[in-house]
Amino acid sequence: MAIYLTLFVTAFLSALAITPRIVQTCRRLQLLDQPEDRKVHRTPVPRLGGIAIAFGLATALGAATVIDAQAALGWHADLRSLLPTVAAAMLVFGVGVWDDLEPVRPGVKLLVELAAASIVIASGLTISRVTMFGTTHELGWLAIPAAALWILLITNAFNLVDGLDGLAGGLIAIAAATCAAVLVVRGHQPGAMLLVSLVGAVLGFLAYNFHPASIFLGDSGSLLAGFLLATTAISGQQKGATTLAVGVPLLIFALPLADTVVAILRRLFRRPASPRHGLASVTTAIERVFAADRAHIHHRLLGLGFSHRAAVLTLYGLMLLCSAIALLTMDVP
């Protein structure tokens, strides 16, 4: 376990050290998230927190590479297996930074996310079969679309739930820690290494993101973390090469997934101001899906009288409960 502790501490300290400098830079360059009616915060806040997460991850991965090359701590893993995931994650992170600097059309972000998903799918990360309630179902030609849909859903789920100080960061840390535990048990060292580093980086950043936040996660952080969780969850739950046991990942991501699915349905069935046809109607539908509103589960808790921190801690508790059930019900090899 020494290697995992080393990576966690490296990522944690790196993110903890770099975040205040990112805050200062954002304020100097006026890269701030301005208050709006649909938002909870009332003062401008820096929004490039994803850079701190990426920096923590990069530092930890660099340390892992050195340790692996020298076979230090009695540990060796095939880190090259992470290259497709890391390369694809860089694409997602890039479009997230772009969106944090200036708004990017939802369709453009979706295309970049599809390109990133294509990279990991081309490397062999597909879902040919799924196991539910002890029964295995063949997906056939749906193998690739199923993997792509899963990656897109989880990637955007943590982005959509990022509406309160510290909420997305805490949920990401809980999900990543749970997935890392699953990967350790199943012997997936590279994926576990990546997620332990993600937990460290997010917790280092969360010290500045919890209410009242001095910096936001931004699309750069939520999309990057969501993408890494989506891809590692598939690999960590596969039995054999391409069979996905869906119960555990569905439990781990139950809260953000449920909120995302409800949000998508709510926005799709909202009648547009000016109906369009053909390609324009598809573009309008995508824009409606990604259009922010104040009807997420965290907004509803605030509406019920919960304080900002109480709402966040309540959702942390629900996420921890789902994660605990997932760990207790998973198959141990």
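Everything quoted here is computed from the prediction, not taken from an experiment. (Residues numbered from 1 in each chain as written. Predicted model: local features only at pLDDT ≥ 70, side-chain atom pairs only at ≥ 80, totals over all residues. Heavy atoms only, no water.)

Enquirer: Explanation requested: the side chain of Asn-159 in the structure shown.
Expert: Within the secondary structure, Asn-159 is located in helix H5 (residues 143-160). Leaving out residues up to four positions away in the same chain, Asn-159 has contacts with Lys-109, Asp-219, Ser-222 and Leu-223. (Helix = DSSP H or I, 4+ residues; strand = E, 2+ residues; numbered from the N terminus. Contact = heavy atoms within 4.5 Å.)

Enquirer: Explain the nonpolar core to me, please; I cannot follow it from the model alone.
Expert: Generally speaking, nonpolar side chains in soluble globular proteins are found buried as a group. With 90 residues, the main nonpolar core has Ile-53, Trp-150, Phe-158, Leu-198, Leu-229 and Phe-253 as its most contacted residues. At 12 residues, helix H6 (residues 167-186) tops the list of elements feeding residues into this core. Residues in contact with Leu-198, not counting those within four places in the same chain, are Ile-53, Leu-57, Ile-172, Ala-176, Ala-225 and Leu-229. (Core = buried A, V, L, I, M, F, W, Y, C linked by side-chain atoms within 4.5 Å. Buried < 20%, exposed > 50% of the residue type's maximum accessible area, 1.4 Å probe, protein only.)

Enquirer: Is there a simple way to think about the environment of Val-45 in this case?
Expert: Along the chain, Val-45 turns up in strand S2 (residues 45-46). Separated by 12 residues in sequence, Val-45 and Asp-33 have C-alpha atoms that sit 5.1 Å apart. Once residues lying within four places of it in the same chain are set aside, the contact partners of Val-45 are Leu-31, Leu-32, Asp-33, Ala-213, Ser-214, Ile-215 and Phe-216.

Enquirer: Is there a simple way to explain the packing of aromatic side chains in this structure?
Expert: In this description, an aromatic ring pair is defined by two values, namely the gap between the centres and the angle between the planes. The final tally for this structure, using the stated rule, is 4 aromatic pairs. Note on Phe-210 and Tyr-316: the rings are 6.4 Å apart at their centroids and 40 degrees apart in plane angle, and the pair reads as tilted. You can see Phe-210 sitting in the loop between helix H7 (189-209) and helix H8 (218-237) and its partner Tyr-316 sitting in helix H13 (residues 308-329), a full 106 residues away along the chain. On the basis of relative accessibility, which here comes to 13%, the residue Tyr-316 falls in the buried class. (Phe/Tyr/Trp six-rings, centres within 6.5 Å; stacked < 30°, edge-to-face > 60°.)

Enquirer: Any chance you could explain the side chain of Ser-220 here in plain terms?
Expert: Note on placement: Ser-220 falls in helix H8. Classification of Ser-220 as buried rests on a relative accessible area of 0%. Within the structure, the side chain of Ser-220 is placed 2.7 Å from the side chain of Asp-100, a separation counted as a polar contact. Sequence-distant contacts of Ser-220, defined by excluding residues within four places in its chain, comprise Leu-48, Gly-50, Ile-51, Phe-93, Gly-96, Val-97 and Asp-100. (Polar contact = N/O pair within 3.5 Å; in protein donor to acceptor, adjacent residues only side chain to side chain.)

Enquirer: Explanation requested: the confidence of the model for the protein chain in the structure shown.
Expert: Detailed reading of predicted coordinates is not advised where the pLDDT is low. In this model, the protein chain carries a mean pLDDT of 85, and residues with pLDDT of at least 70 account for 83%. Taken together, the stretch residues 238-243 has pLDDT below 50 and engages in 13 contacts with residues farther than four places along the chain or on a different chain. (pLDDT = per-residue confidence, 0-100.)

Enquirer: Before we go on, may I ask you to explain the pattern of salt bridges in this structure?
Expert: When charged atoms on two side chains of opposite charge get close, those side chains can pair. For the structure on display, the rule yields 2 salt bridges. Ionic pairing is found between Lys-109 and Asp-99, a salt bridge with its closest N-O pair at 3.5 Å. Within this pair, whereas Lys-109 is found in helix H4 (residues 106-122), its partner Asp-99 is found in helix H3 (residues 83-101), the two being separated by 10 residues in sequence. With a relative accessible area of 8%, Lys-109 lands in the buried category. Using a relative accessible area of 16% as the deciding quantity, one classes Asp-99 as buried. (Salt bridge = Lys/Arg side-chain N within 4 Å of Asp/Glu carboxyl O.)

Enquirer: Which parts of the structure should I look at to understand H6?
Expert: Quick reminder: α-helices carry 3.6 residues per turn. Residues three or four places apart thus point the same way. Relative to the 28 Å expected for 20 residues at 1.5 Å per residue, H6 spans 29 Å between its end C-alpha atoms, a close match to the ideal helical length. Trailing H6 by a residue or two, Gly-187 shows a phi angle of about 80 degrees, which is positive. (Expected span 1.5 Å × (residues − 1).)

Enquirer: Please clarify how unusual backbone geometry should be interpreted in this entry.
Expert: What is expected of a backbone is that most residues other than glycine have negative phi and most peptide bonds are trans. Cis geometry marks the peptide bond from His-211 to Pro-212; its omega dihedral reads -5 degrees. Within the secondary structure layout, Pro-212 lies in the loop between H7 and H8.

Enquirer: For this particular structure, what's the right way to read the environment of Leu-228?
Expert: With respect to the helices, strands and loops of the structure, Leu-228 is situated in helix H8. Residues Leu-228 and Thr-155, spaced 73 residues apart in sequence, show a C-alpha to C-alpha distance of 7.9 Å. Beyond its immediate chain neighbours, meaning those up to four positions away, Leu-228 contacts Leu-57, Thr-85, Ala-89, Leu-194 and Leu-195.

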